[in-house]
Amino acid sequence: MIQGAVIQDIHKSLMDPHRTRPVIRITIWTQFCALCLFFGENRISFSVSDMSVPFRPCSEDKSKMNDPSLKNSYQNDGFFFPVDVISPQEATTIAQDFELAENSVRDDLEKSALLKSYPDRVLPSFDKLIRHPQLISAVSQVLGPNLLVWSAGLFIKEANTDKVVSWHQDLTYWGLDDAQELTAWVALSYSTSDSGCMRFIPGSHQKNLVPHSDTFDENNLLTRGQTIAVDVDENESVSVELKPGQASLHHGHLFHASGPNTTSYRRIGAAIRYITPEMKQQSGARSLVALASGEDRFNHFSIAPSPLQRLASEDFNRCKADALLKREILYAGAEEKKGTRY
Ligand SMILES: O=C(O)CCC(=O)C(=O)O
């Protein structure tokens, strides 16, 4: 009972964002999860809707990684989830590594932006994540064994924020010549309806690309605040709730969006964009990719080396050059170029 009270005390202090800074909160969360594991989860009763418990052990979930229906569901619906990639504890460690890095470059706006857009190019922990065997195994079931990562940017929704992502199709502005692409969105915190998880429209990937209009809404996390300009029946949408360490897979033509974060925790996800090496930029630009699995016999892109250490200047410079190139691609034809991504 005393143990339960101690744990509940830690839990209460973690709920108050004014009392703890993000990095410290994650450290305490790790200890909190360890306590929960040690004393047995059953003795502590937090309601499931209280997702302010970001890193909770979830050992009972069976991995769907080798589920034979993965490819069928993906082809029919345009998405598949959940895929158990790493444990909640590993997800905590990666989120913690990012937040430490975020803290150390906080006075440098350029590096801060690059860190969010290229965590896999400047942090070894994220480079390892994009190559994780569980992830590669799941993605290969759809795209085959040869995989490049075109980008792996973070989508972060701070606690109690109005930031949203409007209905869109990913491949609209990426300037790629084909649709051999898949996003694995890996949750590094809980991602629930309350914290603004993604919503997918099943089967919408079969529509090819539809017209979008740019809003440049400052509450929109997309580069151009682009939004689908045809009707989207939101009643058909599926909420993609994930636990830390789980991923969803979605097709580059799938209609998807996400709402605000009304919880007291920070929702973090890495959107890892896998493509096949046959793909190329329509402009002929050699954008920066990572060779995550297999081989590249096409040489359409510039293959980045793995980061040798955290936050190396050489890696930031490589990302900066690619960000200039990607901005040209992503804002092609746009009236404004004011987004902060890339
Ligand atoms: O993280 C989100 O809320 C949206 C992410 C998204 O649109 C994407 O990964 O394509």
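This structure is a prediction, so every number in the text was calculated from the model and none was measured.

So, on to the overall build of the chain. Helix and strand counts for the chain come out as nine helices and 14 strands. Here the chain, with 342 residues, has 43% of them falling under the buried criterion.

Take the packing of helix α3 (residues 69–77) against helix α8 (residues 133–143) next. The N-to-C vectors of α3 and α8 enclose an angle of 55°; their axes lie 9 Å apart at closest approach. By the angle between their directions, the pair α3 and α8 is classed as oblique. Of the two elements, α3 crosses α8, and the hand of that crossing is right-handed. Residues Leu70, Lys71 and Tyr74 of α3 lie in contact with α8, whose contacting residues are Ala138, Gln141 and Val142. Each residue belonging to the contact of α3 with α8 can be placed in one class, and the counts come to four nonpolar, one polar and one charged.

Below, the discussion takes up the nonpolar core. Grouped together as the largest cluster of nonpolar side chains are 72 residues, with contacts concentrated most on Val139, Leu148, Val149, Ala184, Val186, Leu249 and Tyr274. Excluding anything up to four places from it in sequence, Tyr274 contacts Val139, Leu143, Leu147, Val149, Glu181, Leu182, Ala184 and Ala292.

Moving on to the site of the ligand. Within the structure, the ligand sits among Phe155, Val165, Asp170, Thr183, Trp185, Gly196, Met198, His256, Ser258, Gly269 and Ala271. Mapped by element, the contributors of at least two residues to the shell around the ligand are β5 (181–187), β11 (256–258) and β12 (267–275). In terms of residue class, the shell around the ligand is built from five nonpolar, five polar and one charged.

As a further point, take the sheet that holds β11. Strand order in this open sheet of four strands is β4-β11-β6-β9, and the pairing throughout is antiparallel. Edge positions in the open sheet fall to β4 (165–168) and β9 (238–239), since each of these has one partner strand only. For β4 and β11, the ladder comprises two bridges, and the chain directions are antiparallel. In the sheet register, Val165 faces β11, and the bridge partner there is Ser258.

A separate point is unusual backbone geometry. Most peptide bonds take the trans form, and the phi angle of most residues other than glycine is negative. The peptide bond linking Phe81 to Pro82 adopts the cis configuration, its omega dihedral lying at -5°. Assignment of secondary structure puts Pro82 in strand β1 (residues 79–84). A positive phi angle is found at Asn160, which is not glycine, with a value near 45°. By C-beta crowding, Asn160 is classed as partly exposed, having 14 other C-beta atoms within 10 Å. Phi is positive for Phe216, close to 50°, though the residue is something other than glycine. The topology assignment puts Phe216 in the loop between β7 (212–213) and β8 (227–228). Given 16 C-beta atoms within 10 Å, Phe216 falls into the partly exposed group.

With that settled, consider α3. Those residues of α3 lying buried are Leu70, Tyr74 and Asp77. Across the axial projection of α3, the buried residues extend over an arc of 90°, all falling on one side. Facing away from the buried surface of α3 by more than 90 degrees, the exposed residues are Ser69 and Asn72. Elements that come into contact with the buried residues of α3 comprise β1, α8 and β10 (246–251). With its phi angle positive at about 90°, Gly78 sits one or two positions after the end of α3.

Turning to the confidence of the model for the chain, a few remarks are in order. Summing up the model confidence of the chain, the mean pLDDT is 84 and the portion of residues at 70 or higher is 78%. Across residues 1–24, confidence stays below pLDDT 50; counting only partners more than four residues off in sequence or on other chains, it has 32 contacts. Across residues 26–64, confidence stays below pLDDT 50; counting only partners more than four residues off in sequence or on other chains, it has 63 contacts.

Conventions we followed
Residues numbered from 1 in each chain as written. Predicted model: local features only at pLDDT ≥ 70, side-chain atom pairs only at ≥ 80, totals over all residues. Helix = DSSP H or I, 4+ residues; strand = E, 2+ residues; numbered from the N terminus. Buried ≥ 20, exposed ≤ 12 C-beta atoms within 10 Å, placed from the backbone. Axes fitted to C-alpha atoms, helices over the stretch in contact; angles between N-to-C directions. Parallel < 35°, antiparallel > 145°, perpendicular 65-115°, else oblique. Left-handed = near helix turned anticlockwise from the far one by under 90°. Contact = placed C-beta atoms within 7 Å. Nonpolar A, V, L, I, M, F, W, Y, C, P; charged D, E, K, R; others polar. Core = buried A, V, L, I, M, F, W, Y, C linked by C-beta atoms within 7 Å. Near = placed C-beta within 6 Å. Pairing = 2+ DSSP bridges. Arc of directions from axis to C-beta. pLDDT = per-residue confidence, 0-100.

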